[in-house]
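# Structural overview
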Amino acid sequence: MDAKLKETILNPIFKGNPITVLVLGICSSLAVTVTLKGALVMTLSVIVVCGISSLILSLLRNTIPGRVRIIVQLVVVAMMVILVDQVLKSFEATYAIDKQLSVYIGLIITNCIVMGRIEAFALGNKPWPSFLDGVANGAGYGLILLIVAFFRELLGSGTLFGFDVLNRFGYVPNNLVILPPFALILLGCIVWVQRGIQKDLQEK
Amino acid sequence: MNTNNNVYTVIYTTVIVVLVAALLAFVSQSLKAKQEANEKADTISQMLTAAGYATKADLEKLGNTAVLAKYDEEIDEAFVIDLNGKKLRELEGNDVYSPKQLKRQNYNIKGGPNKTGEPEIPVFIFKNGRTVVPIYGAGLWGPIWGYISFNPDHATMGGAYFDHESETAGLGAKIKDDPSFQAEFVGEKAHFADANVIEIVKGGAPKDAQGKSVVDNKIDAITGATMTSNGLDAAIDTWLAAYAKYFLGLTKCECEED
């Protein structure tokens, strides 16, 4: 694997993370991080949507009329989102979790990461790197989601993936952690840590 | 090729939209049966939970086929009644009212511009003697619905299960996720003759000196989810009032026998 491709994959995970560095996709990271299970399904859904839409639009990139390119992107992304939602609803194993995430699966379309990466990367690159870029950005988004969800579920419900962890020791779940503002506080802490490690992100 | 030409742009967008629409229509049609089966099994497991057969989580682990089999095994009678408690028709072959049907009946009960006909509300009698009836209403963000079971005395509640579309996780969603909230309904009595059949209020029922509840139809509301609690209260009152004549009729007959 050449260095450029490796950079495409690794950059969105940490150095150019879509949530903490590009500050995209904040809204859903507040909404679906109450439980780890929800965050995991959301992560996988975004990876699929992001990867495949980037692939399709990269394949079409030379044929798309410039003036309507955003609309074409929208149509493809919306299609992928509906497909993911329909498939999640069809399997016994994922039906309950789809019900729990309800509107947020549909709202993946408004996740700026998806359209942002298509506009910034897929329309100017070959299909394979575009696919990897989409998947890597979805994964970078998901990583933050899972970190936030880990703390919110642990402190807010005393469980992890639904299994009791803290409650058996007499822990009283903290309701504040369940509320969306706490996701912002956690997110702020993650950005803080990242800026501490990655000095070039700090403003002079 | 000039991709900025008007004709090209119009043809291109038309083709892509038609293709996507066709694909989605095909997928939606081919997955419909599976999705409906999931929804039905979900509804049935909610009723079985309310009737006290198992917890919702355990039923989900069983899988759709086992849940349907359990329902077939345990259901005694399932029929539809009108607001006077008159039996209209039997519900055949696993016909359980889906949330969509409940929504329609909710409009019919409440009247108003969305009314499509006379209310036809379902009653499910299980072999353990409990009668399960649905409720439906509005939460804070979207619809909420659920099932309440009554013991053979037709007044004491044997269990309840509630579900919602988009209540806040950790707050309003507790009507579904918090077993201790649902457990509060067990043993309480529905006052069918009153306007407030069951009340969901802050603090629950007032207690006497011994710490025993002095009223038997008050449920402690969920902290931080006042709107959802009020919505659930209204949904329960509306629906149980619709069943009032049916249940009062049953208890009256027993009184006369005495």
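Look up: the structure comes first, before these words.
Treat the numbers as computed from the prediction; the structure is a model and nothing was measured.

Right, let's talk about the overall build of chain A for a bit. If you tally the helices and strands in chain A, you get ten helices and two strands. Across chain A, helices and strands are ordered from the amino to the carboxyl terminus as α-α-α-α-α-α-α-α-β-β-α-α. For chain A, whose C-alpha radius of gyration is 18 Å, the value lies close to the compact-globule estimate of 17 Å for 204 residues. Along the longest, intermediate and shortest principal axes, the C-alpha atoms of chain A span 60 × 50 × 30 Å.

Further remarks concern the overall build of chain B. Scanning chain B from terminus to terminus reveals seven helices and eight strands. Expressed along its principal axes, the backbone C-alpha trace of chain B runs to roughly 90 × 40 × 40 Å. Residues counted as buried form 34% of the 258 residues belonging to chain B. Sequence-distant contacts in chain B: of pairs separated by 6 or more residues, those separated by 24 or more amount to 57%.

Let's shift gears to the nonpolar core. Among the nonpolar cores identified, the biggest contains 104 residues, and Val 49 of chain A together with Met 47 of chain B are the most heavily contacted of them. Setting aside anything within four residues of it in sequence, one finds Val 49 of chain A in contact with Val 77, Met 80, Val 81, Val 84, Ile 108 and Val 114 of chain A.

All names here are of chain B. Read across the sheet, six strands follow the order E2-E1-E3-E4-E5-E6 without closing on themselves; strand pairing throughout is antiparallel. Edge positions in the sheet fall to strand E2 (87-90) and strand E6 (157-164), since each of these pairs with one other strand and no more. Recorded for the sheet is a direction-independent mean angle of 25 degrees between the axes of neighbouring strands. Bridge analysis of strand E4 (residues 131-138) against strand E5 (residues 143-150) gives eight bridges, and the strand direction is antiparallel. Across the sheet, the residue bridging to Ala 138 is Pro 143, located in E5. Set on the sheet, helix H1 (residues 6-50) makes contact with strand E3 (121-126), E4, E5 and E6; between it and E6 the angle comes to about 150 degrees.

Let's shift gears to the interface of chain B and chain A. In this assembly, 26 residues from chain B lie in contact with 24 residues from chain A. Considering each element in turn, the side of chain B that touches chain A owes the most residues, 16 residues, to H1 of chain B. The residue inventory of the side of chain B that touches chain A, partitioned by class, reads ten nonpolar, twelve polar and four charged.

Here we take up the packing of helix H8 (residues 127-156) of chain A against helix H10 (residues 180-197) of chain A. Residues and elements named next belong to chain A. In the contact formed by H8 and H10, the axes pass within 10 Å of each other and the chain directions differ by 125 degrees. Relative to H10, H8 is oriented oblique. Helix-helix and strand crossings are classified by hand; for H8 and H10 the assignment is right-handed. Packed against H8, whose contacting residues are Ile 144, Ile 147, Val 148, Phe 151 and Arg 152, the element H10 presents Phe 182, Ala 183, Leu 186, Leu 187 and Ile 190 at the interface. For the contact of H8 with H10, a count of residues per class yields nine nonpolar, no polar and one charged.

Residue and element names in this part refer to chain B. For helix H4 (residues 99-110), spanning twelve residues, the distance from its first C-alpha to its last is 16 Å, which sits close to the expected 16 Å at 1.5 Å a residue. Every buried residue of H4 is accounted for by Leu 102, Gln 105 and Asn 106. With its buried residues spanning 110 degrees around the axis, H4 presents them on a single face. Where H4 ends, the next residue or the one after it, Gly 111, has phi of about 75 degrees, a positive value.

What counts, and at which threshold
Residues numbered from 1 in each chain as written. Chains lettered and ligands numbered in written order. Predicted model: local features only at pLDDT ≥ 70, side-chain atom pairs only at ≥ 80, totals over all residues. Helix = DSSP H or I, 4+ residues; strand = E, 2+ residues; numbered from the N terminus. Rg over C-alpha atoms; globule rule 2.2 N^0.38 Å. Buried ≥ 20, exposed ≤ 12 C-beta atoms within 10 Å, placed from the backbone. Contact = placed C-beta atoms within 7 Å. Core = buried A, V, L, I, M, F, W, Y, C linked by C-beta atoms within 7 Å. Pairing = 2+ DSSP bridges. Axes fitted to C-alpha atoms, helices over the stretch in contact; angles between N-to-C directions. Nonpolar A, V, L, I, M, F, W, Y, C, P; charged D, E, K, R; others polar. Parallel < 35°, antiparallel > 145°, perpendicular 65-115°, else oblique. Left-handed = near helix turned anticlockwise from the far one by under 90°. Expected span 1.5 Å × (residues − 1). Arc of directions from axis to C-beta.

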